[in-house]
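Examining the three-dimensional arrangement
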Amino acid sequence: MAQDGRALFEQHCASCHAVAADAPPTAGPNLRGVVGRPVGADPRFDYSPVLEQARRGGESWDVGRLVRFLEDPEEMYPGLWMGNNGLRAAAERIAVARFLEGQR
Ligand code: HEC
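Described in the following lines is the structure provided in the data block. (Residues numbered from 1 in each chain as written. Predicted model: local features only at pLDDT ≥ 70, side-chain atom pairs only at ≥ 80, totals over all residues. Heavy atoms only, no water.)

A word on the packing of aromatic side chains
Taken as a whole and assessed by the stated rule, the structure comprises 5 aromatic pairs. Residues W61 and F69 carry aromatic rings whose centres are separated by 4.9 Å and whose planes lie at 65 degrees to one another, so their mutual orientation is edge-to-face. By relative accessible area, W61 is classed as buried at 8%. Judged by its relative accessible area of 7%, F69 falls in the buried class. Ring centres of W61 and Y77 lie 6.3 Å apart, and the angle between their planes is 80 degrees; this geometry places the pair in the edge-to-face category. Placement of W61 in the loop between α2 (49-56) and α3 (63-71) and of Y77 in the loop between α4 (73-76) and α5 (90-101) is noted, with a sequence separation of 16 residues between them. Y77 matches W61 in its accessibility class, with the two residues each being buried. Aromatic rings pair up to connect W61, F69 and Y77 into one cluster. (Phe/Tyr/Trp six-rings, centres within 6.5 Å; stacked < 30°, edge-to-face > 60°. Buried < 20%, exposed > 50% of the residue type's maximum accessible area, 1.4 Å probe, protein only. Helix = DSSP H or I, 4+ residues; strand = E, 2+ residues; numbered from the N terminus.)

Focus on the site of the ligand
Close contacts around the ligand come from 26 residues, with C13, C16, H17, S48 and M82 the closest. Between the ligand and the protein, one listed contact pairs a nitrogen atom with a side-chain N or O atom of H17 at 2.7 Å. The element contributing the most residues to the shell around the ligand is α3, with 3 residues. Its residues assigned to classes, the shell around the ligand shows 19 nonpolar, 6 polar and 1 charged. (Near = heavy atom within 4 Å. Polar contact = N/O pair within 3.5 Å; in protein donor to acceptor, adjacent residues only side chain to side chain. Nonpolar A, V, L, I, M, F, W, Y, C, P; charged D, E, K, R; others polar.)

So this is what it looks like as structure tokens:
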């Protein structure tokens, strides 16, 4: 059965991330339009040095990078302020990444 990306996002991510247009950042940056935008690009969120550095290095989010990030956020960006809040199941990571891709 296909995973419901919106439900997974509500369950695992929404406590720290808004996706509504123009919603202010909460504990984490607003993720509306995150797919296709540079890493660390919510102008109202104060990112950690590791994400600031990734943005300066020209990195940006696509579905593949998101799926890899969520497998082990700290491994991709050591010192990240998100803790270990990824998703263990690959099918769940893909479903959430696709959900976010649709939020623009
Ligand atoms: C406990 C709070 C918390 C949870 C839960 C959480 N995050 Fe985060 N997330 C953060 C914080 C804080 C940052 C900013 C990290 C930094 O600056 O190092 C972040 C950053 C991100 C980024 C980078 C955004 C950007 O603008 O570059 C993505 C993508 C992301 N989170 C996705 C998710 C997804 C998807 C989930 C659910 C599976 C999730 N997060 C769960 C707190 C959280």
